[in-house]
Amino acid sequence: QEPDWLRQLHSSVQPQDRYDPLVPNDYLAYRERLRAEQDQMQMERAAKEQLEVQRRLRERIEEERKAAEETGDLDRIIESRVGTSITGVGGAVAVGAGRGRGRGRGRGGPS
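Note that the structure is predicted; figures quoted are calculated from it, not measured.

When its secondary structure is counted, the protein chain shows three helices and zero strands. Element order for the protein chain, N to C, with α for helix and β for strand: α-α-α. Expressed as a percentage of its 111 residues, the buried residues of the protein chain come to 5%.

This is the structure:
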């Protein structure tokens, strides 16, 4: 036998207020929204950090170019614009050395 206060409590619950495990409640929506906001903030933070890294890299490249142009060292000017060493064995020009070995070497699966 239930006490009167518990029967009154049960009778005060309206049918639309009863818990249904198949119907999502506000708490689940709240948690999903909170998670989405956190993900968005994390992506924005990562984007800002990446932009800062790129800005610093551009500044460094520009400083290297200015220094090379001031000294008149043509090899350094070309290196700063191409991004690789231009002299190979015996002083020969080798821009982009080591490239071009792409897909012809296999697909990297187990041997």
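One pass over the structure, following the stated rule, counts one aromatic pair. An angle of 35° between the planes, with centres 6.2 Å apart, marks the rings of Y27 and Y30 as tilted. Placement of the pair is Y27 and Y30 together in helix 2 (residues 26-71), with a separation of three residues, close to one helical turn. For Y30, a relative accessible area of 38% translates into the label partly exposed.

Another aspect to go through is the environment of E52. Along the chain, the position of E52 falls in helix 2. For E52, the side chain forms a polar contact with the side chain of R55, separated by 2.2 Å.

Our next topic: helix 2. Structural remark: α-helix, 3.6 residues per turn; residues separated by three or four positions point the same way. For helix 2, which comprises 46 residues, the first-to-last C-alpha distance of 68 Å matches the rise-based estimate of 68 Å (1.5 Å per residue) to within 8%. One or two residues past the end of helix 2 sits G72, with phi positive at roughly 75°.

Take a nonpolar patch on the surface next. A cluster of nonpolar side chains, Y27, L28 and Y30, forms an exposed patch at the surface whose accessible area comes to about 320 Å². Residue placement: L28 occurs in helix 2.

This paragraph deals with the pattern of salt bridges. Applying the stated criterion to the full structure yields five salt bridges. In this structure, E59 engages R55 in a salt bridge whose closest nitrogen and oxygen atoms are separated by 2.4 Å. Of this pair, E59 and R55 both sit in helix 2, four residues apart, which is roughly one turn of the helix. With relative accessibility at 38%, the residue E59 sits in the partly exposed group. What emerges from the salt-bridge pattern is a single network uniting E52, R55, R56 and E59.

The rules behind the values
- Position labels on residues start from 1 in each chain and follow its written sequence.
- Totals for whole chains, interfaces and linings use every residue, but because this is a predicted model, local features are given only for residues with pLDDT of at least 70 and side-chain atom pairs only at 80 or more, for both listing and counting.
- Side-chain figures throughout are based on the complete set of non-hydrogen atoms in the structure, without hydrogens or water.
- Put simply, DSSP marks the helices as runs of H or I at least four residues long and the strands as runs of E at least two long, and each gets a number from the N terminus on.
- Relative accessibility under 20% of the residue-type maximum defines a buried residue, over 50% an exposed one, and the middle range a partly exposed one, all with a 1.4 Å probe and only protein chains included.
- Each Phe, Tyr or Trp ring (for Trp, its six-membered ring) is paired with any other whose centre lies within 6.5 Å, and the angle between the two planes then decides the class: stacked below 30 degrees, edge-to-face above 60, tilted in between.
- Any pair of N or O atoms that falls within 3.5 Å is considered a polar contact. Within protein, one atom must be able to donate a hydrogen and the other to accept it, and sequence-neighbouring residues count only if both atoms are side-chain atoms.
- Expected helix span is taken as 1.5 Å per residue step, with the number of steps being one fewer than the number of residues.
- A patch consists of residues exposed above 30% relative accessible area that lack any salt bridge, with like charges linked at up to 9 Å and nonpolar side chains (Val, Leu, Ile, Met, Phe, Trp, Tyr) linked at up to 5 Å.
- Methods summary: accessible areas were calculated by the Shrake-Rupley approach with a probe of 1.4 Å, and residue burial reflects only the protein chains presented.
- What makes a salt bridge here is a side-chain nitrogen of Lys or Arg within 4 Å of a carboxyl oxygen of Asp or Glu, nothing more.

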